[in-house]
Amino acid sequence: MFAILAMVDAASLGQTTGQKPAQTPSQRRSTAHSSGIKSQEPPGVLVQLNGALESLAAKVSPAVVQILVTGFGPLRETDNERSQTALIVRQHAVGSGVILDSSGYVMTNAHVIEGAQRIRVALPLPMGDSAGQVPLGKRRILEARLIGQHKETDLALLKIDDTDLPTLSLLTQQRAQVGQLVFAIGSPEGLQNSVTMGVVSAVARQADPAKPLTYIQTDAPINPGNSGGPLVDMNGAVVGINTFILSQGGGSEGLGFAIPARVVDFVYHSLRAHGHVHRVEIGAATQEITPSLADALHLSRHWGVIVDDVRPDGPAAAAGLQIQDIILTADDRRIETLPSLSAALYLHRLDQVIKLEILRGDERKTLYIPAIEQHDQMDQLLDTVNPENSLIPRLGVLGIDLTADLSSHLGSLRISSGVVVVGRAADLILPDTGLQAGDIIHQLNSTRIDSMETLRAAVNALKTGDPVALQVERDGGLTYVSFETE
């Protein structure tokens, strides 16, 4: 306030002491012209750039949706409010998503829908409408169901019942380049249809050394709520899915990270086809070279990735791969760490052979190894079940008894009996049960479930409208999925 008053006083003082009053912008341009200084109009290239950015935003935004999640979680209390009783409250979260198929398939982050009891998708309004306040009733909000999620890549696929929706394409044929201009679209802090601009700061940024996934780093401002939204190039193609930021204070500090489009495309097609992700393998195991390992084996390199096992009946053995071979490249991608090899195999297509350049002693060799599919264990079980005996129509799932042999393959379980969900029959699901392949059903309401027989009896005893709470074991923990019968 003080600085503003001082400026006003100075302007008044100029008028009362005979000084010339300040010139208007048009007067200044006229004076500049008369003094020989040419007025500067915006360069044509900037006008074109501005128009291109506006067109890009109008093109991309209709395919970017807002994800509305409702669930339950612990109430966070301050130290002064803390009590001896744990409080569970209904919680709401907002994220972003991108429509990849006009029939309603939406990709987002797995952490956006984690713990969700209900998932809804808010379709964007036209750019002209979203500039101001939007009446709540004007938004189109649709119920969404979870097709599948892959926590390793933090991706999830949703389905909404609508058609002829606008879509964006994934840029899978070329990689992002450092310095490339990119745009992030999403709902930061719940503000739908927000567009920010930046550049690709780095590619192949590995956030966790123990995991093969690498990210695109960008300085385009990203905040909570952008998760699951697209990072697009100047053509409007998706180069990545925004997933997390590095921040000291919780806000954008120019360190945003996106899952590359090639990974998104791979996971999207796997989830859509199977509900989970399949992997590629070659029948060989590897480990990173350490200086002590290199000295002990007299290796020609003290770094890189070495083959430590080759399965005799696998494709790698048939192609000539041997123990102590050092892998130099995979599909022409340089391999220096174990995660870089895992990432190369992760993205490899099953219909193509894997090209490996190896170092054997001092000799370089190129091997072509057929890729084989690493089947999900649930798929293997699904191939063995008889749908007529395993289908539970009112739950829309295929199940089998949890036997001692099956339990040994599934690893350590919390409860040793139950029914394993090996598949979902999507067309038969009337209520949204929330069951997933791999879930183990232990209880229905107050009835203990130890076999398909007890599960069928408990389900058949339900009447339309009855509430159901299924206790299931999932990812090593126990949880409830609840719904009403129809």
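Just so it is clear, the structure is predicted and the values come from calculations on it, not from any experiment. (Residues numbered from 1 in each chain as written. Predicted model: local features only at pLDDT ≥ 70, side-chain atom pairs only at ≥ 80, totals over all residues. Heavy atoms only, no water.)

Draft legend 1. Representation of the overall build of the protein chain. Helix and strand counts for the protein chain stand at 11 helices and 27 strands. For the protein chain, buried positions account for 41% of its 486 residues. For the protein chain, the proportion of contacts with a sequence separation of at least 24, taken over those separated by at least 6, is 60%. When the accessible surface of the protein chain is summed, it comes to about 26500 Å², and 52% of that surface belongs to carbon and sulfur atoms. (Helix = DSSP H or I, 4+ residues; strand = E, 2+ residues; numbered from the N terminus. Buried < 20%, exposed > 50% of the residue type's maximum accessible area, 1.4 Å probe, protein only. Contact = heavy atoms within 4.5 Å. Areas by Shrake-Rupley, 256 points an atom, 1.4 Å probe, with all protein chains shown as cover.)

Draft legend 2. Layout of the pattern of salt bridges. Counting across every chain of the model gives 13 salt bridges. Across the pair Arg 140 and Asp 162 runs a salt bridge whose closest N-O atoms are separated by 2.6 Å. One end of the pair, Arg 140, is in strand β5 (residues 140-150); the other, Asp 162, is in the loop between β6 (155-160) and β7 (181-186), and 22 residues separate them in sequence. What makes Arg 140 partly exposed here is its relative accessible area of 45%. Close ionic contact of Asp 161 with Arg 145 constitutes a salt bridge, the shortest N to O distance being 3.4 Å. One end of the pair, Asp 161, is in the loop between β6 and β7; the other, Arg 145, is in strand β5, with 16 residues separating them in the sequence. When salt bridges with common partners are traced through the structure, they connect Arg 145, Lys 159 and Asp 161 into a single cluster. (Salt bridge = Lys/Arg side-chain N within 4 Å of Asp/Glu carboxyl O.)

Draft legend 3. Structural view of the sheet that holds strand β8 (residues 194-205). If you walk around this closed barrel you meet the six strands as β7-β8-β9-β12-β11-β10, and the pairing is antiparallel. Each strand axis lies, on average, 45 degrees off the axis of its neighbour in the sheet, ignoring direction. Note that β8 and strand β9 (residues 215-218) share three bridges and pair antiparallel. Residue Val 200 lies in a different strand from β9, and its bridge partner there is Thr 218. Packing against the sheet, helix α3 (residues 44-60) makes contact with β7, β8 and β10 (230-232), and its axis sits at approximately 40 degrees to β7. (Pairing = 2+ DSSP bridges. Axes fitted to C-alpha atoms, helices over the stretch in contact; angles between N-to-C directions.)

Draft legend 4. Here's a closer look at the environment of Gln 324. The residue Gln 324 is located in the loop between α6 (315-319) and β16 (326-330) in this model. Among the residues examined, Gln 324 registers a relative accessible area of 38% and is labelled partly exposed. Gln 324 sits 15 residues away from Asp 309 along the chain, and the two C-alpha atoms are 8.5 Å apart. If sequence neighbours within four positions are ignored, Gln 324 has contacts with Leu 297, Leu 299, Ile 306, Val 307 and Leu 359.

Draft legend 5. Structural context of the packing of aromatic side chains. In the structure shown here, the tally under the stated rule is two aromatic pairs. Seen in terms of ring centroids, Tyr 215 and Phe 244 are 5.1 Å apart; in terms of plane orientation they differ by 90 degrees. Their pairing is edge-to-face. Of this pair, Tyr 215 sits in strand β9 while Phe 244 sits in strand β11 (residues 238-245), placing them 29 residues apart in sequence. In this structure Tyr 215 comes out as buried when scored by relative accessible area, which is 13%. The class for Phe 244 is partly exposed, based on a relative accessible area of 25%. Ring plane angle 10 degrees and centroid distance 4.8 Å describe the contact between Phe 244 and Phe 257, whose orientation is recorded as stacked. (Phe/Tyr/Trp six-rings, centres within 6.5 Å; stacked < 30°, edge-to-face > 60°.)

Draft legend 6. Expanded view of helix α4 (residues 261-274). For α4, with 14 residues, the first-to-last C-alpha span of 20 Å sits near the 20 Å given by 1.5 Å per residue. Taken as a whole, α4 has its buried residues at Ala 261, Val 263, Val 264, Phe 266, Val 267, Tyr 268, Ser 270 and Leu 271. Directly after α4, the chain includes Gly 275, whose backbone phi takes a positive value near 85 degrees. (Expected span 1.5 Å × (residues − 1).)

Draft legend 7. Focus on unusual backbone geometry. The phi torsion at Asp 164 lies on the positive side, around 55 degrees, for a residue other than glycine. Overall, the relative accessible area of 72% leaves Asp 164 in the exposed class.

Draft legend 8. Here's a closer look at the nonpolar core. Within the largest apolar cluster, 31 residues are counted, with the highest numbers of intra-cluster contacts made by Met 107, Leu 168 and Val 267. Listed by contribution, the elements that provide at least two residues to this core are α3, β2 (88-101), β3 (105-108), β6, β7, β11, β12 (256-260) and α4. Ranked by residues supplied to this core, first place goes to α4 with seven residues. In contact with Leu 168, other than residues within four places in its own chain, are Val 60, Ala 63, Val 64, Val 98, Ile 99, Leu 100, Pro 230, Val 232, Gly 236 and Val 238. (Core = buried A, V, L, I, M, F, W, Y, C linked by side-chain atoms within 4.5 Å.)

Draft legend 9. Local environment of the confidence of the model for the protein chain. Taken residue by residue, the protein chain gives an average pLDDT of 80. The fraction at 70 or more is 78%. Within the protein chain, no element has a lower average pLDDT than helix α1 (residues 2-16), which sits at 34, and none a higher one than β3, at 96. Low pLDDT, under 50, characterises residues 28-35; the stretch is placed with three contacts to residues that sit more than four places away or in other chains. Scored below 50 in pLDDT, residues 77-88 shows nine contacts in the model against residues more than four places distant or in partner chains. (pLDDT = per-residue confidence, 0-100.)

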